[in-house]
Structures are given as C-alpha cells and as structure tokens.
Amino acid sequence: MEKLSVKKCVVVSVGLYPGNAKHALARAGPVGGDVVFLVNSEPRTVPEEVLRGGGRRRQPMDTMEAIHSFINELDSEINIVDVWLDPRDGLVTSVAKLRSLIEGYAPCRVIIGMAGGFRWLSTALMFLALALVSVGPYVGITVDSVFAMLEEESPSVRALFRSVEERVIPWPVIPRLADLAFDEYRVIRLIGLVGIGLRTY
C-alpha cells in the first residue's frame, strides 16, 4: 500500500521554446496526482529584440503558459509548480531551493529532464540529481531517471537527429555528491537548520 501512495515528481527545465519541454514531459508520463516542476530562469520577460528564431522563440512567461496548457490536456489532475531561478542567487542556493521543494512532496519518485533553457539551468538540474541521490534514502526520494535533450532550436540538430528519441541523452548512472550515513546526514541537516536560524536574527 505504501508503494501505491508514492507519487512521481517530474522536473523539467524550460527556457524560451516549449517543444523540448513537451517532449520531456511526454517521455516522463505524469498522471493525475503527480507533480511537475517547470524550471525556468529569471527574467520572466525579455526585450522583444532578443526574441529571434523565426517566431518559435517565446517570452519565458508565454512558454510556461503554453506548457501549462499542454499538461492540462494530458491530465487536469497533474499538479504544476512553477520554479523561477535567478542566476544571481548562485548554483548552491538554486539547487537547495529545488531540493527543498521536491522534498516537500516525498515520498516520491523523481524524473529529471534537462530539456530547455540556459546552460546554467541544466547544470542546476545535474547537481539536483546528485543531491537527491545522496540524501534520497533518508527523505523518501528515489531518482528514477535523468536525461538531457539536444537543442531543439538548432536546425543542424534536427537535421542530424530527426526523431525525438535520437535527441534524448540518458544519464544511466547518477553519482552521489557524498556517501552519507544516516547519522552523518542528521548532523549536516542540524547544522543547516542552525545556520538558517542564525540568519533570521
């Protein structure tokens, strides 16, 4: 019965193009009760002259809305969480924010798709996978799969790799950031909580 209650958490980076994120979501197969984290980068709107690419590129906010519609068509019972990361916050803070959000839905199985957006978003999701694998056994999280997708906006990529599946690069082995015993994890967590408490004063 416990296994039946475990939900799927799908984490997908987005960017300015909805195409790859849609393919990643279709591959992950979320259903009602699952949670989809759509991860994008600040700023949420950019100057129109920045939006090149034959009309396929959209404002980040518009891209997120398009993917919301796509998910609702798949299953209106899927929970959607928009996550806007700011590169000025740094990688460590961004990964910690993502990890904290996902831990709020534990127990869960996690699928991570590096589908779109700036390179730094893909890096953040890579480190998220490493962090979740490191602490997952202690917080009820299992990382099922991690994959990257080749850039859909590149005509050369689409010419060389015509099918979507050809443009998916799985990450079959996810290393840990550290091999932690449960007692070590508890100590590190306590240190982190104390640090948060000190910053509030």
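Scroll up a little and you will see the structure.
Quick caveat: nothing in here was measured; it's all calculated off a predicted structure.

Rules used in this analysis
- Residues numbered from 1 in each chain as written.
- Predicted model: local features only at pLDDT ≥ 70, side-chain atom pairs only at ≥ 80, totals over all residues.
- Heavy atoms only, no water.
- Helix = DSSP H or I, 4+ residues; strand = E, 2+ residues; numbered from the N terminus.
- Buried < 20%, exposed > 50% of the residue type's maximum accessible area, 1.4 Å probe, protein only.
- Contact = heavy atoms within 4.5 Å.
- Axes fitted to C-alpha atoms, helices over the stretch in contact; angles between N-to-C directions.
- Parallel < 35°, antiparallel > 145°, perpendicular 65-115°, else oblique.
- Left-handed = near helix turned anticlockwise from the far one by under 90°.
- Pairing = 2+ DSSP bridges.

Chemist: Can you tell me about the overall build of the protein chain, naming the residues and giving the values?
Modeler: Regarding its fold elements, the protein chain presents six helices and six strands. For the protein chain, the α and β elements follow one another from N to C terminus as β-α-β-α-β-α-β-α-β-α-β-α. A buried classification covers 42% of the 201 residues belonging to the protein chain. Considering only contacts within the protein chain whose residues lie at least 6 apart along the sequence, 75% involve residues at least 24 apart.

Chemist: Got a sec to walk through the packing of helix H3 (residues 91-103) against helix H4 (residues 119-139)? Specific residues and values, please.
Modeler: Running from amino to carboxyl end, H3 crosses H4 at an angle of 50°, the nearest separation of the two axes being 9 Å. As summarised for this structure, H3 and H4 are arranged oblique, according to the angle between their axes. Judged by the sense of rotation from one axis to the other, the crossing of H3 with H4 is right-handed. Contact residues: Leu91, Ser94, Val95, Leu98, Arg99, Ile102 and Glu103 in H3; Trp120, Thr123, Ala124, Leu125, Phe127, Leu128, Ala131, Leu132, Val135 and Val139 in H4.

Chemist: Can you explain the sheet that holds strand E2 (residues 35-41)? Please cite residues and give values.
Modeler: Strand order in this open sheet of six strands is E3-E2-E1-E4-E5-E6, and the pairing throughout is mixed. Two strands lie at the open edges of the sheet, namely strand E3 (79-85) and strand E6 (168-170), each paired on one side alone. The sheet shows a mean angle of 20° between the axes of neighbouring strands, taken without regard to direction. Inspection of the sheet shows strand E1 (residues 7-13) paired to strand E4 (residues 108-114) by six bridges, in the parallel sense. Counted as the bridge partner of Val11 is Ile112 from E4. Docked against the sheet, H3 engages E1, E2, E3, E4 and strand E5 (141-149), running at close to 165° with respect to E3. This element, H4, spans E1, E2, E3, E4 and E5 of the sheet and lies at about 165° to E4.

Chemist: So what's going on with the environment of Pro30? Residues and values would help.
Modeler: Checked against the element boundaries, Pro30 lands in the loop between helix H1 (19-28) and E2. Spatially, the C-alpha atom of Pro30 lies 9.5 Å from that of Asn79, the residues being 49 residues apart in sequence. Among residues more than four places away in sequence, those in contact with Pro30 are Lys8, Val10, Leu25, Val36 and Ile78.

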